[in-house]
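Each chain, letter by letter, is given below.
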Amino acid sequence: MLVLWFLSGVILSEYIQLISDRGSFLNSLWGRSKCDECQKEIPWVSLIPFIGRFLNGGRCVYCNKKISLKYFWFELLFSLGWAGILYGFWYLGVTSFWILAPTLLLYCATILLMYEDYKNYSVPVTWLISWLCFYALSWWSIGGRKMYLSDTLLMLGVLALSLLIVYFKRPKKNRSISSLFGTADILVLVQFALLLGFQKTTWVLVFSMIGAFFFLLWQKRLEVGQRLPLLTVMLLWGVIALWFL
Ligand SMILES: [Zn+2]
């Protein structure tokens, strides 16, 4: 059963990467996959997950260009997480479609958005809105009912204050609100505050900062003024907070 779950995750991960690479859900539905370098259609044998890569030594069969390892890691990690969630449901005896579907949708959307933010430091607005909807749906499906309105106002106040402080500490010519927090970060944080409350959202923020710090450490880019993949880690911690806190 675990093998089947893992394999279904592998198939899904290929599809999610396709959406990310082609930039939209509709574009992912037709057309054969092509090599980024020589634009030739990739033979089906090379598209078999893991095995195809092994057969060609990780290179394009036409132009011999090395195929990025990110595909391999994405497939592996996504499929492990996917199988892990299904195992968790099986272990807990959850069979309700109305819990399974939103959770799995949220998982796919989270990984897609993290991958996109990690690559480009930005995500398409429609994807972000879909993610916010899946998050709310998932929250509802596991019994979330109470919204934290005053906590949300407080979170907005804290965000506005921190924005102001950073804004006025900058030299005059570098001042621009958009370069501090992304709009996406703020939308996501406000939704966390509304659905999880101030305390859990603060934890998400703290763990995201720590996560982003270790990411920069790993990338050896530990200097002031670096762009942070904050959204990437925030989405992950937000989902963890929803499911486990
Ligand atoms: Zn090629």
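Quick notes on the rules
- Residues numbered from 1 in each chain as written.
- Predicted model: local features only at pLDDT ≥ 70, side-chain atom pairs only at ≥ 80, totals over all residues.
- Heavy atoms only, no water.
- Helix = DSSP H or I, 4+ residues; strand = E, 2+ residues; numbered from the N terminus.
- Buried < 20%, exposed > 50% of the residue type's maximum accessible area, 1.4 Å probe, protein only.
- Contact = heavy atoms within 4.5 Å.
- Areas by Shrake-Rupley, 256 points an atom, 1.4 Å probe, with all protein chains shown as cover.
- Lys, Arg positive; Asp, Glu negative; His and termini not counted.
- Charge placed at Lys NZ, Arg CZ, Asp CG, Glu CD.
- Salt bridge = Lys/Arg side-chain N within 4 Å of Asp/Glu carboxyl O.
- Phe/Tyr/Trp six-rings, centres within 6.5 Å; stacked < 30°, edge-to-face > 60°.
- Lys NZ or Arg CZ within 6 Å of the ring centre and 35° of its normal.
- Domains from an automatic or database assignment.
- Buried area = accessible area lost by both parts, 1.4 Å probe.
- Polar contact = N/O pair within 3.5 Å; in protein donor to acceptor, adjacent residues only side chain to side chain.
- Donors = N, O, S within 2.8 Å, 3.2 Å for Na, K, Ca; no water.
- Tetrahedral: all angles 85-135°; square planar, octahedral: opposite > 155°, others 65-115°.

Further remarks concern the overall build of the protein chain. The number of helices and strands found in the protein chain is 10 helices and 0 strands. Taken from N to C terminus, the helices and strands of the protein chain fall in the order α-α-α-α-α-α-α-α-α-α. Taken along the three principal axes of its C-alpha coordinates, the protein chain extends 55 × 50 × 30 Å. The burial tally for the protein chain puts 35% of its 245 residues in the buried class. Once local pairs closer than 6 in sequence are excluded, the contacts in the protein chain between residues at least 24 apart make up 64%. For the protein chain, the exposed surface amounts to about 15,000 Å²; the carbon and sulfur share of it is 70%. Computed over 21 positive and 11 negative side-chain charges, the separation of the two mean positions in the protein chain equals 6 Å.

Attention now goes to the pattern of salt bridges. Oppositely charged side chains can form a pair if their charged atoms are brought close together. All told, the structure shown has 2 salt bridges when counted by the stated rule. Of the charged contacts, one joins Asp21 and Lys119 as a salt bridge, the two residues approaching to 3.2 Å between their closest N and O atoms. Highlighted residues: Asp21 in helix α1 (residues 2–22) and Lys119 in helix α5 (residues 97–120), separated in sequence by 98 residues.

Take the side chain of Ser33 next. Note on placement: Ser33 falls in the loop between α1 and α2 (44–47). Looking at Ser33, the relative accessible area reads 19%, which means it is buried.

A few words now on the environment of Val3. Secondary-structure assignment places Val3 in helix α1. Separated by 80 residues in sequence, Val3 and Ala83 have C-alpha atoms that sit 8.3 Å apart.

This part takes up the packing of aromatic side chains. The tally for this structure, following the rule as stated, stands at 17 aromatic pairs. Note on Phe97 and Trp98: the rings are 5.1 Å apart at their centroids and 85° apart in plane angle, and the pair reads as edge-to-face. Trp98 shares its class with Phe97; the two are exposed. Taken together through their ring pairs, the aromatic side chains of Phe74, Phe78, Trp82, Tyr107 and Tyr115 make up a single cluster. One Lys or Arg, Arg145, reaches over the ring of Trp140 and ends 3.5 Å from the middle of that ring.

This part is about the domain arrangement of the protein chain. In terms of domains, the protein chain is made up of domain 1 (1–95) and domain 2 (96–245). Computed from C-alpha atoms alone, the centre-to-centre distance between domain 1 and domain 2 is 26 Å. Each partner contributes to the roughly 1,500 Å² buried at the junction of domain 1 and domain 2, and carbon and sulfur atoms together form 76% of this total. Interface area lost by domain 1 to domain 2 is led by Ser20, Ile85 and Phe89, which between them contribute 31%. The interface formed by domain 1 and domain 2 holds 1 salt bridge in total. Along the contact surface separating domain 1 from domain 2 lie 6 residue pairs in polar contact (both at pLDDT 80 or more). Taken together, the elements giving at least two residues each to the side of domain 1 that touches domain 2 come down to α1 and α4 (70–92). Broken down by element, the side of domain 1 that touches domain 2 gets its largest block of residues, 10 residues, from α4.

On to unusual backbone geometry. A positive phi angle, near 65°, is found at Gln39, a position not held by glycine. Relative to the assigned elements, Gln39 resides in the loop between α1 and α2.

Take the coordination of the zinc ion next. Protein-derived ligands of the zinc ion are Cys35 (SG), Cys38 (SG), Cys60 (SG) and Cys63 (SG), with the metal-ligand distances lying across 2.3 Å. Around the zinc ion, the 4 donor atoms are arranged such that angles at the metal cover 105 to 116°; this shape is classified as tetrahedral. Relative accessible area serves as the criterion here: at 9%, Cys35 is assigned to the buried category.

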